[in-house]
Amino acid sequence: MSQITKHTSETLQDEIIEWQLNAGEQQIVAKRMPGRYRRLKWFGMSVWLIYFLGPYLRWQGQQAVLLDIPNRQFHIFSMTLYPQDIWMLSLTLLFFAILLAVVSAVAGRVFCGYFCFQTVWTDIYTLIEEWLEGNTPQKQQKFRQEPFSLNKLSRRLTKHSLWMLIALLTGITFSAWFTDAYQLWRDVFALQAHIAVWIALAVFTVFTYGFAGFMREQVCFWLCPYARLQSVMYDQDTVLPAYDVERGEPRGKLQRGQLASGQGSCIDCKLCVAVCPTGIDIRKGQQEGCITCGLCIDACDSVMDKIEQPRGLIRYASHAELVDHQKPQALLLRPRVLVYCTIMLVSLVGVVYGFATLSPTAFTALPERQPLYVQLSDGSIQNRYTLKLLNKQNQPMEVQYRLEAPTGFTLHGLHDSYHIEPGQMLQVMALVRREANMDADGITSLRFVADVINDASIDIYHDSVFIGPETGN
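Overview of the structure. Remember, predicted model here, so these are calculated numbers, not experimental data.

## Side note on the overall build of the chain
Point 1. Within the chain one finds 17 helices and 16 strands.
Point 2. Since a compact globule built from 473 residues should have a radius of gyration of about 23 Å, the 33 Å found for the chain marks it as more spread out than a globular shape.
Point 3. Reported as C-alpha extents along the three principal axes, the dimensions of the chain are approximately 110 × 65 × 35 Å.
Point 4. By the burial criterion, 43% of the 473 residues in the chain qualify as buried.
Point 5. Excluding contacts between residues fewer than 6 apart, the proportion of contacts in the chain whose partners are at least 24 apart in sequence is 70%.
Point 6. A total of about 26,300 Å² of accessible surface is found on the chain, and carbon and sulfur atoms cover 61% of it.
Point 7. Averaged over its 41 positive side-chain charges, the chain has a centre that lies 12 Å from the centre of its 43 negative ones.

## A short note on helix α10 (residues 195–215)
In an α-helix, one full turn covers 3.6 residues, which means residues spaced three or four apart are oriented alike.
Point 1. Here α10 spans 28 Å end to end across 21 residues, near enough to the 30 Å set by a 1.5 Å rise per residue.
Point 2. Buried-residue contacts for α10 involve α6 (117–133), α8 (150–176) and α9 (181–189).
Point 3. Positive phi shows up at R216, right after α10, with a value of about 50°.

## Describing the environment of P225
Point 1. The residue P225 is located in helix α12 (residues 225–231) in this model.
Point 2. Along the backbone, P225 and Q382 are 157 residues apart, and their C-alpha atoms lie at a distance of 59 Å.

## Regarding the sheet that holds strand β16 (residues 459–467)
Point 1. Pairing in this open sheet of 4 strands is antiparallel, and the strands run β13-β11-β15-β16 from one edge to the other. A single partner strand is all that each edge strand has here, and the edge strands are β13 (418–420) and β16. Strand after strand, the sheet turns through a mean of 35° between neighbouring axes, direction not considered.
Point 2. Relative to β16, strand β15 (residues 443–452) is paired through 9 bridges, and the arrangement is antiparallel. Each bridged residue has a counterpart across the sheet, and for A450 the counterpart in β16 is I460.

## What about the pairing of strand β4 (residues 73–76)?
Point 1. Only one face of β4 is buried: it carries Q73 and H75, and the other face, with F74 and I76, is open.
Point 2. Across 4 bridges, strand β3 (residues 65–68) lies against β4 in antiparallel orientation. Bridge pairing links V65 to I76 in β4.
Point 3. Following β3, the chain reverses through 4 residues before pairing antiparallel with β4; R72 in that reversal takes a positive phi of roughly 55°.
Point 4. Here 3 bridges tie β4 to strand β5 (residues 79–81), and the two strands are oriented antiparallel to one another.

## Details of the sheet that holds β4
Two orientations exist for strands paired in a sheet by backbone hydrogen bonds: parallel and antiparallel.
Point 1. A sheet is described by the order of its strands in space; here 3 strands give the open sequence β3-β4-β5, paired in antiparallel fashion. Each having just a single partner strand, β3 and β5 make up the two edges of the open sheet. Strand-to-strand twist across the sheet, computed as the mean angle between neighbouring axes with direction ignored, equals 10°.

## Regarding the pattern of salt bridges
Point 1. Counting across every chain of the model gives 22 salt bridges.
Point 2. Put simply, R315 and D244 hold a salt bridge, and the shortest N to O gap is 3.2 Å. Remark: D244 occurs in the loop between β6 (240–243) and α13 (245–248) and R315 occurs in strand β7 (residues 314–317); sequence separation between them is 71 residues.
Point 3. Under the relative-accessibility criterion, R315 is labelled partly exposed at 25%.
Point 4. With a closest N to O distance of 3.0 Å, E404 and R402 form a salt bridge.

## Remarks on the packing of α6 against helix α7 (residues 137–145)
Point 1. Between α6 and α7, the least distance of the axes is 10 Å, while the angle of their chain directions is 65°. Judged by the twist between their axes, the crossing of α6 over α7 is left-handed. Residues E129, E130, L132 and E133 of α6 form the contact with α7, whose own contacting residues are K139, Q140, F143 and R144.
Point 2. Looking at the contact of α6 with α7 residue by residue, the classes come out as 2 nonpolar, 1 polar and 5 charged.

## Description of the environment of G113
Point 1. For G113, the position within the fold is in helix α5 (residues 110–114).
Point 2. By relative accessible area, G113 is classed as buried at 0%.
Point 3. Along the backbone, G113 and M79 are 34 residues apart, and their C-alpha atoms lie at a distance of 34 Å.

Analysis parameters
- Each chain carries its own residue numbering, running from 1 in the direction its sequence is written.
- Only residues with pLDDT of 70 or above have their local features reported here, since the model is predicted, and side-chain atom pairs are shown and tallied only from 80 upward, although totals for entire chains, interfaces and linings are computed over all residues.
- With hydrogens and water set aside, each side-chain value is computed from the structure's full complement of heavy atoms.
- Runs of E in the DSSP output that reach at least two residues are strands. Runs of H or I that reach at least four are helices, and both are numbered from the N terminus.
- As defined in this context, the radius of gyration uses C-alpha atoms, and a globule is described by 2.2 Å times the residue total to the power 0.38.
- Think of it in three bands: residues with accessible area under 20% of the maximum for their type are buried, residues over 50% are exposed, and the middle band is partly exposed, with areas taken using a 1.4 Å probe on protein chains only.
- The contact rule is simple, with two residues in contact once any of their heavy atoms fall within 4.5 Å.
- For the accessible areas, the method is Shrake-Rupley and the probe is 1.4 Å, while residue cover comes only from the protein chains on display.
- For this count, His and the chain ends are skipped, Lys and Arg are scored as positive, and Asp and Glu as negative.
- A charged residue contributes its charge at one atom only: NZ of Lys, CZ of Arg, CG of Asp or CD of Glu.
- By definition here, a helix of n residues has an expected span of 1.5 Å times n minus one.
- Any two strands with at least two DSSP-identified bridges between them are counted as paired.
- Only the stretch in contact is used when a helix axis is fitted, and all axes are lines through C-alpha atoms; the angle between N-to-C directions ranges over 0 to 180 degrees.
- Whenever Lys or Arg places a side-chain nitrogen within 4 Å of a carboxyl oxygen from Asp or Glu, that contact is recorded as a salt bridge.
- Crossings are sorted by hand: turned counterclockwise from the far helix by less than a right angle, the near helix makes the crossing left-handed, and turned clockwise it makes it right-handed.
- Three classes are used, and their members are as follows: Ala, Val, Leu, Ile, Met, Phe, Trp, Tyr, Cys and Pro are nonpolar, Asp, Glu, Lys and Arg are charged, and the others, Gly among them, are polar.

Taken by themselves, the reported measurements are silent on function.
Okay, here's the thing in C-alpha cells:
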C-alpha cells in the first residue's frame, strides 16, 4: 500500500468514527444550488403531476381513471377491470416492486432522492420557506432571530397557509382517484362528502403538513422502512455518490488561489454538506442519511470549476471502482440484476398479455356435483349447471344461450333471452339432457355459448363436460 493510500485510508477511518446522526436536535436548512442533478431532480419530481392531474382527465364522457372500490371496478380509459382480473394488478405491483429492487442494486436510493413522496413534498415546502424567509441558511437564521413584527408574522402566516393548502390538495386529490373528481369538489364545498373522504382528507393533511413541514429528513431516518431495505440491496458494484478519497486528501485551503504542494483537490469548503437535504458529510463515506440525490456532486463540481480542477471529486461511483480500482461491471454480467430483470420481464409480459386478451365479459358454466347426474322417468340422463355471465362493458347486453354438443344432447330451463346491465352478473340454472339408450361415454365434452344479440362481434363461450353412465358397445 502506498503512503498516500495508507494516509487516506487512515483519515477516512478516523472520520467514520466521528459520524453523527442528526436525531432532530437541529433543523437542516440545505442550500439550493443549480446543476445537472438538481435539474434531474426537478424532472423526477414532475412525475407527481400525474397524481394531481390524473383524476381530472375525461374519456368518453367519464373519468379516465377511476378506482371504484364500492362497486369493485377499476376503470382505465375504455377498459374496466373486475376482481376476476386481480392477477394483472398483482403482476403490475410485482413489476414495480422488482423495479425498485433493481434500481437500488444498480444506483442505490435514487427512488428516495428523486421520486419519493416525502422527498418531493419536503423539497416543495422548503422552496416556499426560502421564498418567504430567505434563500440561504444564514438569511433564514437571521429571519428567525428578528424581533416580532407584522412583516415577520405575515410571512410566517403565508408560509404555513401555503403548506396547509398543499396538504389539503394532496388529500382531496387522493380521494379523487376513487370517486368522480368534479363531483367530489362540489360535495366537499357543500360539506356533503362521504365520511371516507373526510377521513382521507384529515389523514393526508395532517401527515403531509407534519412530515414535509417539520419532520423532513427525520422521516427518512426513523419512520421509512424502505430506507432500511434498500441498504441490503447494495453490493460493491452499486453506483452511489462517493468522495474520491485518494484524490481529495489531504484537504487544505487555497493558498493565493492555488493548491499547496502535496495537497489534495478538496479545499474543505463544506459546500457538499451545505447542500445535502439530510445534512450528512459525503466525505466521510456512505451513511444512513444519504438518499443518493447527487446534489453534493453539483456543489463540488461548481467548486472544481472555480479552482480549475477536474470535475468528479465527488461523483457517482462504485466501491469496486474507487477502492479496488476496477472498471465498472456491465449490468448484464451481474447475476442479481439478471434475476431481477427476468422477473420484471415475466411480469410485464403477463400484464401485456392480460390487457391484450381482456374480455368484455366473464362467463363460467359450473356443473352440479351433488348429484353428478340424475336419470329421468323417460330414461334420459340430466346434468345441472350454474351459468354465470358478467357484463364488463359500459353498455347493456342482450344474450341468448345455446349448447354446442353431439347429437342427442339438449339444453333446457332457460328463457329465450336475458338483459344484463353494465357491471352486473347474471346467474341462471341450466339443464342438459342426454337421450335415453344412446351410445355415449361416461364423460362427454360440450360447450355453452352466449350469443350477444346487440353486438355479434363478442364471442362468449365456456367449455364443460357432461357426466353420465357409459352406454353402448
